[in-house]
Amino acid sequence: MDIKAILNQAVAARRASQHANALSILKQGLKAYPGEKQLLGCMAQTLEQTRAYEDALALYTRLVDAKGDVPIPFALGMGRCFLAISRFAQARKVIEPVLKQDPVNVDALTGMARIAHHNNQLDQAMALVTKALSINAKYQPAIHEKARIHSSLKEQENALQTIFQNVDSEQPYGDSIDLWINILRDQKRELFLTDQLKELSEKYPARAEFHFGLALNYIRAGELERARTILERLVKQSPNNYKILYELGVLERIAGNIARSREYLGKVLDAKPDHAAALRTYSTDHKHQYGDTVFSRLNTVAANITAMTISDQTQLHFALGRAYDDVGELEASFRHYAVGGAKRKKEMPFKEQSNVRMFNVMKTVVNHDSMAQIEQGGCTSDLPVFILGMPRSGTSLIEQVLSSHPDIFGAGELKYMTSALENIDILGRRLKFGEVEAAFPHEQNASYKDRGEWYVAKLKEASLGEYKRVVDKMPGNFNFAGLIGKVLPNAKIIHSRRHPVETCLSCYRIHFAEGHQWSYNLSELGRYYKRYWELMSHWREQFPGLLHEIRYEDNVANLEPQARSLIDFLGLDWYDECLKFYETDRPVKTASAAQVRQPIYNTSTNRWRKYEHLLGPLLEEIGDIVNLYEAQLQDS
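First, a word on what this report is: a plain description of the structure on this page.

About the criteria used
Residues numbered from 1 in each chain as written. Predicted model: local features only at pLDDT ≥ 70, side-chain atom pairs only at ≥ 80, totals over all residues. Heavy atoms only, no water. Helix = DSSP H or I, 4+ residues; strand = E, 2+ residues; numbered from the N terminus. Rg over C-alpha atoms; globule rule 2.2 N^0.38 Å. Buried < 20%, exposed > 50% of the residue type's maximum accessible area, 1.4 Å probe, protein only. Contact = heavy atoms within 4.5 Å. Areas by Shrake-Rupley, 256 points an atom, 1.4 Å probe, with all protein chains shown as cover. Lys, Arg positive; Asp, Glu negative; His and termini not counted. Charge placed at Lys NZ, Arg CZ, Asp CG, Glu CD. Axes fitted to C-alpha atoms, helices over the stretch in contact; angles between N-to-C directions. Parallel < 35°, antiparallel > 145°, perpendicular 65-115°, else oblique. Left-handed = near helix turned anticlockwise from the far one by under 90°. Nonpolar A, V, L, I, M, F, W, Y, C, P; charged D, E, K, R; others polar. Pairing = 2+ DSSP bridges. Expected span 1.5 Å × (residues − 1). Arc of directions from axis to C-beta.

Here we take up the overall build of the protein chain. In terms of helices and strands, the protein chain carries 31 helices and seven strands. Rg of the C-alpha trace for the protein chain: 27 Å, near the compact-globule value of 26 Å for 636 residues, within the 12% margin. Along the first, second and third principal axes, the C-alpha atoms of the protein chain reach 85 × 60 × 45 Å. The buried share of the protein chain, taken over its 636 residues, is 53%. Here the analysis covers contacts within the protein chain between residues at least 6 apart in sequence; of these, 66% occur between residues at least 24 apart. Counting only carbon and sulfur atoms, one obtains 49% of the accessible surface of the protein chain, whose full area is about 29,000 Å². Charge centroids of the protein chain, computed over 79 positive and 78 negative side chains, lie 4 Å from each other.

In structure tokens, the structure reads:
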């Protein structure tokens, strides 16, 4: 077979997204034609498309001639790889000469725009990318970069409009799909995103990217069977795709299939040993010891941590924090948690003043007098059950106990209540809770009954049959307890409480998939907890009897009377299966996925003392609350 035929076969395989096949064809070709530059160039481009940027760079470098001159296609390939791994100075060195030689080269213009964007020279970046698009209006990398610039300028609607050109296509631009999804998620438009992904999956059935994105949205919504069906189909098509394997590992962990989860994650790490998210997730259910394989791998990968993306660095620091905690090196553990938390805050900044304002508004506006003046009624359904409180306070355990009852469905952490309450009218004042996908447009000024009925309809969609009660255990619904009592007057609200330091310590050591930005700094965490404590005191004072309160410590000490009181509170008959909660097969989409599959254990109470010397900033904020809670425990 001649060189042209080999290239044609490899390019055809690449266009069909069969990159492994393309690489195999090129490797065989290079055995027949060692050092052939066209084949090496095609292999470098294929490696670049599979994001193996370091390997691609090594090949591109081999293509530099003896005088040090770099042919333009290879120089641009090197530049793209340098940009992909954030080596911007080196990217400039190879791209800038190309632009001087060829001022209308759209690849070079886009690369220089990316560099200007990195340097926060947004006007210059926009000018460069606009010039590129005036030359080729359909050049996908330039479209993508223009959308990124719009996003950096906080022009999100312009970014979405621009990026969708790359998304709604027979040949979508993968990075643009990721950017489009992330912008919509940042805007909390999850429902819209799911609908769009369904449409795109049907419109372009051969494009795996849309099916994959839809599966991830199903996982986020707790619809695991739908997600599993899609991902298992995709992994048959691409058995070694570590992205698909990783999401299957996450899904099976949520579903309680820990062994199956570890099998998938192990395959990810076989294919990509430095996959930071897989390392962290795998480590979550592993008891580390000096010298074991997982501990050794973590430290080996950590040697190259500075070359990783900020997101991967964050994942690895949390994995290392867990590992060093397991082996008793607490100072090293907390250094990793502190560094990982600081990096996570850069990814997801915490707007503390906005949070303070929301807490204050709720305490000021939602009280006994204001609710008494509102004449309209809510939805009278008794289907909803809320378990709320701080994350890591025992909400998953309570839900698992309740879900063991045949008349109760545990729906997990649902995001619907915030949407239902967005822009609600309280005596002429409309409440806004941030960037939330509202269930009702502002101009509609929906009634309390309509909002409650919309929420109940969502509960029915989330449940998998006919139940008397459906549980929403979104902890953050504690913000809305007083409003829930008005919109859904027959709903049952359970407040889960746990020792303040145990709760905060557990939050601090978790890499949350989303939200909870207040948890990554001990001082901010303490201040947030104090606001939570004060708001719960407000609800008790203003709405006596609204909350059924239960303490984690009481559950651990003697579960049966607590469980019986819960079932009685819900107005249902007792079933002994509620005490065998660890046998119940249902998704648990939290860090407690493994714990709730086990019988009650008491090692998670009063263990914070060994960390006390490391918790100064936290204890400074909540020391008085700790004393109050411990006094309440002693009095009970």
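All right, on to the packing of helix α13 (residues 208–220) against helix α14 (residues 224–237) then. Here α13 crosses α14 at 150 degrees, and the two axes come no closer than 8 Å. For the element pair α13 / α14, the angle class is roughly antiparallel. Relative to α14, the crossing made by α13 is left-handed. Contact residues: α13 offers A208, H211, F212, L214, A215, Y218 and I219, while α14 offers L224, R226, A227, I230, L231, R233 and L234. Taken together, the residues of the contact of α13 with α14 sort by class into eleven nonpolar, one polar and two charged.

In this section: unusual backbone geometry. The backbone phi angle of R51 is positive, close to 70 degrees, even though this residue is not glycine. The topology assignment puts R51 in the loop between α3 (37–49) and α4 (53–62). In this model, L427 sits at a positive phi of 55 degrees, which is unusual for a non-glycine residue. Inspection of the secondary structure assignment puts L427 in the loop between β3 (425–426) and β4 (429–430). On the accessibility criterion, L427 (47% relative accessible area) is partly exposed.

What follows is about the sheet that holds strand β5 (residues 469–472). Spatial ordering of the open sheet is given by β2-β5-β1-β6-β7, a layout of five strands whose pairing is parallel. If you trace the sheet from one side to the other, it starts and ends with β2 (408–410) and β7 (547–551), each paired once. Along the sheet, successive strands turn relative to each other by an average axial angle of 25 degrees, direction set aside. Contacts between helix α25 (residues 448–462) and the sheet are confined to β1 (384–389), β2 and β5, with β1 contributing the most and set at about 95 degrees to the helix. Sitting on the sheet, helix α28 (residues 522–542) touches β1, β6 (492–497) and β7, and the angle it makes with β6 is about 140 degrees.

As a further point, take helix α2 (residues 19–32). An ideal rise of 1.5 Å per residue puts 20 Å on 14 residues; α2 measures up with 20 Å between its terminal C-alpha atoms. Within α2, burial applies to A22, L23, I25, L26, G29 and L30. Taken end-on, α2 shows its buried residues confined to a sector of 160 degrees, consistent with a single buried face. Facing away from the buried side of α2, by more than 90 degrees, are the exposed residues A20, K27, K31 and A32. The secondary structure elements touched by the buried residues of α2 are α1 (3–15) and α3.

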